[in-house]
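Residue-level listing of the chains:
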Amino acid sequence: MQTPGKFIVIEGLEGAGKSSAVTILSDTIQSAGHTVVNTREPGGTAMAEAIRDVVKHDWKDEKVTVEAELLLMYAARAQLVQNVILPNLQQGNWVLGDRHDMSSQAYQGGGRQIEQSMIESLRNITLKNFRADFTLYLDVEPKEGLKRAKGRGELDRIELEDLGFFERTRERYLLLAQQDPNCVVIDTMQSMQGVHDDVASAIKQFLEC
Ligand code: T5A
């Protein structure tokens, strides 16, 4: 889908360093003269933020089914894409997404092992042919990412999954990144300065295209 604005997405496991990368991307894109609108998923509208609370919450002895989790992610995404992302892109603004559809492919498809055909059906219903123009996947080893995430506060329901879940999620992320010509992989097992330089250089290259 062609729009005057561009949709840039940042992806990665918990603790990959998405928050500081978002600041660098935002500054660089604005310096190039574009208006930037930031979004996060799940979330970014009043209803989608409420879904975010539901999905991150622990429901004690009520098991959150993998199907319910998947449907909630797509419900939040439908709200965000139709109410915020597309209108902004159509106005010529650039939208910077902290997570988008690749998260569902990786976490629910890889981590939760939901069948690809089920996720693809939901993606087609929700997004039709809408895709990110450029994705930066910040790659981190799950053990290190979780250590960093623990350092910044209490872990939520998904973050409390076992290491195997995050290893499957990372494996799927790497596969998806390899298959997507509009995705760049950034190694975050290096210093923060090194990550920042790689992020800045990737977005500058995209801006020059
Ligand atoms: N989810 C989401 C799904 O399952 N399916 C979906 O479809 C979607 C959209 C969202 C959760 O929902 C799941 C995935 C998530 O579990 P979230 O809060 O939006 O949750 O995302 P998180 O990934 O949990 O956010 P984090 O804050 O943990 O990750 P960040 O933003 O990547 O990490 P950041 O930047 O806050 O860094 C964490 C700490 O690490 C340090 C930072 O200073 C910070 O303290 N750090 C480094 N330290 C050393 N070296 C580096 N290179 C470092 N980079 C960062």
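What this report covers is the structure whose coordinates are included nearby. Nothing here was measured: the structure is a model prediction, and the numbers come from that model.

Before going further, it helps to examine the layout of surface pockets. Approximately 810 Å³ is the volume found for the largest pocket. Lining of the largest pocket is provided by 34 residues; of these, E14, K18, R99, R152 and E159 occupy positions nearest its centre. Elements with a contribution of two residues or more to the lining of the largest pocket: α1 (18–31), α2 (46–56), α3 (66–90), α4 (101–111), α6 (142–151) and α8 (192–208). Residue contributions to the lining of the largest pocket peak at 4 residues, all from α4. For the lining of the largest pocket, the residue count by class is 9 nonpolar, 11 polar and 14 charged. In this structure, the second largest pocket spans a volume of roughly 340 Å³. As for the second largest pocket, its lining consists of 17 residues, of which D101, M102, R123, R131 and D180 are closest to the centre.

Next up on the list: the packing of aromatic side chains. Across all of its chains, the model carries 7 aromatic pairs by this definition. Joined through ring pairs, the aromatic side chains of Y107, Y137, F165, F166 and Y173 make up one cluster. In this structure, R77 is placed above the aromatic ring of Y74, and the distance from its NZ or CZ to the ring centre is 4.8 Å.

Right, let's get into the site of the ligand. Taken together, 26 residues surround the ligand, and among them E14, K18, R99, S104 and R152 come closest. Interatomic distance of 3.0 Å between a side-chain N/O atom of R52 and an oxygen atom of the ligand. Considered on its own, the ligand offers 1,000 Å² of accessible surface; in the complex 84% of this is hidden by protein. Of all the secondary-structure elements, those providing two or more residues to the shell around the ligand are α1, α2, α3, α4 and α8. Its residues assigned to classes, the shell around the ligand comprises 8 nonpolar, 8 polar and 10 charged.

Pairing is parallel across the open sheet formed by 5 strands, whose spatial order is β2-β3-β1-β4-β5. For this open sheet the edge positions go to β2 (36–40) and β5 (183–187), each flanked by a neighbour on one side alone. Sheet twist, expressed as the average angle between the axes of neighbouring strands with direction ignored, equals 20°. In this structure, strand β1 (residues 7–12) lies alongside strand β4 (residues 134–139), joined through 5 bridges in parallel fashion. Residue pairing across strands places E11 opposite Y137, the latter belonging to β4.

The rules behind the values
- Throughout, a residue's number is its position along its own chain's written sequence, starting from 1.
- Reporting in this predicted model follows two pLDDT cut-offs: at least 70 for local features of residues, and 80 or more for side-chain atom pairs to be given and counted; totals over whole chains, interfaces and linings ignore these cut-offs and use all residues.
- Excluding hydrogens and water, the side-chain values take into account all heavy atoms of the structure.
- Lining residues are those with an atom within 4 Å of a point, where the points come from a 1 Å grid over the protein atoms alone and group into cavities, where a 1.4 Å probe fits but cannot get out, or pockets, open sets with protein on both sides within 12 Å along at least five of seven lines.
- Grid points are joined across faces, edges and corners, and a volume is the space filled by probe spheres set on the points.
- Secondary structure elements follow DSSP: runs of H or I of four or more residues count as helices, runs of E of two or more count as strands, with numbering from the N terminus.
- Gly is put with the polar residues, along with every residue not named as nonpolar or charged; the nonpolar set is Ala, Val, Leu, Ile, Met, Phe, Trp, Tyr, Cys and Pro, and the charged set is Asp, Glu, Lys and Arg.
- What counts as a ring pair is set by centres within 6.5 Å for rings of Phe, Tyr and Trp (its six-membered ring), and what kind of pair is set by the plane angle: stacked under 30 degrees, edge-to-face over 60, tilted for all other angles.
- Whether a charge sits over a ring depends on NZ of Lys or CZ of Arg being within 6 Å of the ring centre and within 35 degrees of the ring normal.
- A single heavy atom is enough: if one lies within 4 Å of a molecule or strand, its residue is considered near that molecule or strand.
- Identification of polar contacts relies on pairs of N or O atoms within 3.5 Å, with a donor-acceptor requirement for protein atoms, meaning one able to donate a hydrogen and the other able to accept it, and with residues adjacent in sequence counted only if both atoms are side-chain atoms.
- Working definition of accessibility: Shrake-Rupley area with a 1.4 Å probe, residue cover restricted to the visible protein chains.
- Criterion used throughout: strands pair if DSSP finds at least two bridges between them.
- Here, axes are lines fitted to C-alpha atoms. For helices the fit covers the stretch in contact, and angles between N-to-C directions go from 0 to 180 degrees.

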